[in-house]
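Structural features, examined
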Amino acid sequence: MLECGDVICETFCFCLLTLLLIFAMREIVFYITPSGKSPVQEFLDSLSAKESQKVTWVLNLLESLRMVSQEYFKKLQNTDGIWEVRVQQGNNAFRLLGFMDGGKLVILTNGFFKKTQKTPPQEIALAEQRKKEYLERK
């Protein structure tokens, strides 16, 4: 029988804790402006009930799965570490942009309806600006 002071028990506890940290999933947080507004929440409030339900489903995937398909979560090329949450509901495509703070925390900065193949540069610039502000305030 193992007792708390046993080397084997301590090694087992250390390994278990390490596994829990490795497999801990992401936490999603909405960026808050210096004036206290939440642009992502405001965007989500503008969606229909079905669209909002789909966003919630995708965000739950991000929080609960270690590996998420690029169909739903993708790092944008040629940006300052900006990621996009990708949501499709019927003929409507919309995106939430954000960044990682550490390995597990996703800060979502802005949302928009996707109307073209490419992500609008002004949306990427806004996400990068908000990332900079967030890190300065942190």
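Let me sum up the structure you'll find in this document. (Residues numbered from 1 in each chain as written. Predicted model: local features only at pLDDT ≥ 70, side-chain atom pairs only at ≥ 80, totals over all residues. Heavy atoms only, no water.)

Now for unusual backbone geometry. The residue N78 is not glycine, and still its phi comes out positive at about 55 degrees. Position of N78 relative to the elements: it lies in the loop between β2 (73–75) and β3 (82–89). Since its relative accessible area comes to 82%, N78 is described here as exposed. (Helix = DSSP H or I, 4+ residues; strand = E, 2+ residues; numbered from the N terminus. Buried < 20%, exposed > 50% of the residue type's maximum accessible area, 1.4 Å probe, protein only.)

Taken as a whole, this structure holds six aromatic pairs when the rule is applied. Between the aromatic rings of F43 and F94, the centroid separation amounts to 6.3 Å while the plane-to-plane angle is 65 degrees, which identifies the pairing as edge-to-face. Here the residue F43 occupies a position in helix α2 (residues 39–45), and F94 occupies one in strand β4 (residues 92–101), the gap between them amounting to 51 residues. When sorted by exposure, F43 lands in the same class as F94, which is buried. Where F73 meets W83, the ring centres are 4.7 Å apart and the plane angle is 20 degrees; that geometry is what we call stacked. Here F73 is found in strand β2, whereas its partner W83 is found in strand β3, with ten residues between them in sequence. (Phe/Tyr/Trp six-rings, centres within 6.5 Å; stacked < 30°, edge-to-face > 60°.)

Right, let's talk about the sheet that holds β2 for a bit. With mixed pairing, five strands are arranged side by side in an open sheet as β1-β5-β4-β3-β2. Of all the strands in the sheet, just β1 (27–30) and β2 have a single pairing partner and so form its edges. Each adjacent strand pair in this sheet contributes to an overall mean axis angle of 35 degrees, direction not counted. Pairing between β1 and strand β5 (residues 105–114): four bridges, direction parallel. Among the inter-strand pairings, E27 is bridged to a residue of β5, identified as L105. In the packing of helix α3 (residues 49–64) onto the sheet, the strands contacted are β1, β2, β3, β4 and β5, and the crossing angle to β3 comes to about 135 degrees. Along the sheet, helix α4 (residues 121–137) makes contact with β3, β4 and β5, crossing β5 at roughly 155 degrees. (Pairing = 2+ DSSP bridges. Axes fitted to C-alpha atoms, helices over the stretch in contact; angles between N-to-C directions. Contact = heavy atoms within 4.5 Å.)

Turning next to the layout of surface pockets. The volume enclosed by the largest pocket comes to roughly 350 Å³. In terms of lining, the largest pocket is formed by 14 residues, of which the most central are L76, K114, Q117, K118 and T119. Residue classes in the lining of the largest pocket are distributed as two nonpolar, six polar and six charged. What the second largest pocket holds in volume is close to 280 Å³. In terms of lining, the second largest pocket is formed by 15 residues, of which the most central are R26, R66, M67, F73 and W83. For the lining of the second largest pocket, the leading source of residues is β2, giving three residues. Grouping the amino acids of the lining of the second largest pocket by side-chain chemistry returns eight nonpolar, two polar and five charged. (1 Å grid on protein atoms, 1.4 Å probe; cavity = no way out; pocket = protein on both sides within 12 Å on 5 of 7 lines; lining within 4 Å. Points joined across faces, edges and corners; volume = space filled by probe spheres on them. Nonpolar A, V, L, I, M, F, W, Y, C, P; charged D, E, K, R; others polar.)

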